[in-house]
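# Survey of secondary and tertiary structure
Residue-level listing of the chains:
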Amino acid sequence: MTQQQSRRALLTALGGAGVGSMAGCLRLSGSGEGTETGTDRSTDTDAGGQTDTPEQTDTPEQTDTPGWGQWIPSDPVVSGGAETFALDVQTARAEFPQAAYEGFDIPDIADRLGIEQSDIDYFAGTDGSGDSEFVFLTGTFEQDEIRSNFGVSESDTESYRGYTVADGWAWGPDAIITSNYRTVLDTRFGDTQAIGAAGTDWGTLLSVVSAGTLSSVQSGSFTDSLSVSAPRSGVAIDAASGGGATITAHLLFDSEREAIDALENNEDEVREGAANDEETLESLEQQGKRLVVTISSDTFDF
């Protein structure tokens, strides 16, 4: 294989690496017979069976947009054309089962680029296609070392916003971008709106899911098994201390009233749809404008 063919093979591998695994993990299974252990509710029921619903007023939630969210443009996500994904590489490396971690191809990516896995902070982007697909790594990188490992001479590279560019991808001291690098860098430098700046609700959603090791946000509901449709939703997946995984899903409505109504009118259906033979519903609660569903899974096979 020639040096040019080797580079093309690397680009192909990096362009799709791990994205299929991300998409599979970030959706819950369909409804089925399952076990419910959670009892958290947003309302209390008195002895007479009447539900006492307190007056609710919309209150803003504190947001802390994750760093990777500053690289992803808002348009394809808000319009429904793509979903974000983000993997906290070092936490996944330490806590996920080895097979699950390797399913994201991080060891292979690091080996191909000649970097250390410990150099990578996040593997993130969107699972869209064409102009809606963005894939990048954030971390600490040596630009000249990557160029050398990639087999590109300095005279064959260009520069965009201070990042080295070759064969349609870009890299710099804090990121390696493997698709649509101009849009990603324009977003990073504030010339294109980032998903975290698309509005308070998107900022809230990014903030709450980013606590997970593997996370995603999107327009609409991430699964049709919960019988409730929300304008936007997110999911976070963590390794459980006793093995398996903990999945926390967030359905974000336009108001607290809508979230309350969704729970009151669909609670039984949501509880039934959230569990199956390998997944247990741990809790279901309303938190402000969100319905939060927490599920434990015996495996990482979602």
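Look up: the structure comes first, before these words.
We now turn to the structure provided with this report. Small disclaimer: the values here were computed from a predicted structure and weren't measured. (Residues numbered from 1 in each chain as written. Predicted model: local features only at pLDDT ≥ 70, side-chain atom pairs only at ≥ 80, totals over all residues. Heavy atoms only, no water.)

### Concerning the overall build of the protein chain
Counted only if it meets this: The numbering of helices and of strands both runs from the N terminus, where a helix is a DSSP run of H or I of at least 4 residues and a strand a run of E of at least 2. Here the term buried applies to any residue with accessible area under 20% of the maximum for its type, exposed to any over 50%, and partly exposed to those in between, with areas from a 1.4 Å probe on protein chains only. Only heavy atoms enter the contact rule, under which two residues are in contact if any of them lie within 4.5 Å. Residue burial considers only the protein chains on display, and all accessible areas are found by Shrake-Rupley using a 1.4 Å probe.
Across its full length, the protein chain carries ten helices and 15 strands. The buried share of the protein chain, reckoned over its 302 residues, is 50%. Here the contacts in the protein chain between residues at least 6 apart in sequence split such that 66% fall between residues at least 24 apart. For the protein chain, the accessible surface area stands at approximately 13,300 Å², while carbon and sulfur atoms represent 39% of it.

### With respect to unusual backbone geometry
In this structure, D105 is a non-glycine residue whose phi angle is positive, near 65°. Along the chain, the position of D105 falls in the loop between α5 (98-102) and α6 (106-113). Here the phi dihedral of R161 falls at roughly 55°; this positive angle occurs in a residue that is not glycine.

### Examining the packing of aromatic side chains
Condition: Note on aromatic pairs: the rings of Phe, Tyr and Trp (six-membered ring only in Trp) are paired at centre separations within 6.5 Å, and the planes decide the class, stacked below 30 degrees, edge-to-face beyond 60, tilted for the rest. Only when the NZ of Lys or the CZ of Arg is both within 6 Å of the ring centre and within 35 degrees of the ring normal is a charge said to sit over the ring.
In the structure shown here, the tally under the stated rule is eight aromatic pairs. The ring of F189 carries the charged tip of R188 above its face, separated from the ring centre by 5.8 Å.

### So, α6
Put simply, the test is: To obtain the arc, one takes the directions from the helix axis to the C-beta atoms.
Inspection of α6 places I106, I109, A110 and L113 among the buried residues, and these make up the whole buried set. Projected down its long axis, α6 shows its buried positions confined to an angular sector of 95°, all on one face. Taken from the residues just after α6, G114 is the one with a positive phi, measuring 70°.

### Looking at the environment of D191
Tracing the sequence through the fold places D191 in the loop between α8 (181-188) and α9 (200-209). Taking the relative accessible area as the measure of exposure, D191 reaches 55% and is therefore exposed. Not counting the four nearest positions on each side in its chain, D191 is found in contact with R161 and D186.

### Focus: the pattern of salt bridges
The test is simple: Salt bridges are counted wherever a side-chain nitrogen of Lys or Arg sits within 4 Å of a carboxyl oxygen of Asp or Glu.
A full pass over the atoms with the stated rule returns eight salt bridges. For R161, the salt bridge identified is with D186, shortest N-O distance 3.0 Å. Placement of the pair is R161 in the loop between β7 (158-160) and β8 (163-166) and D186 in helix α8, with a sequence separation of 25 residues. The exposure class assigned to R161 is partly exposed, which follows from its relative accessible area of 32%. A salt bridge links R271 to E267; its shortest N-O distance comes to 3.0 Å. Here the residue R271 and the residue E267 both occupy positions in helix α10 (residues 256-273), the gap between them amounting to four residues, near one helical turn.

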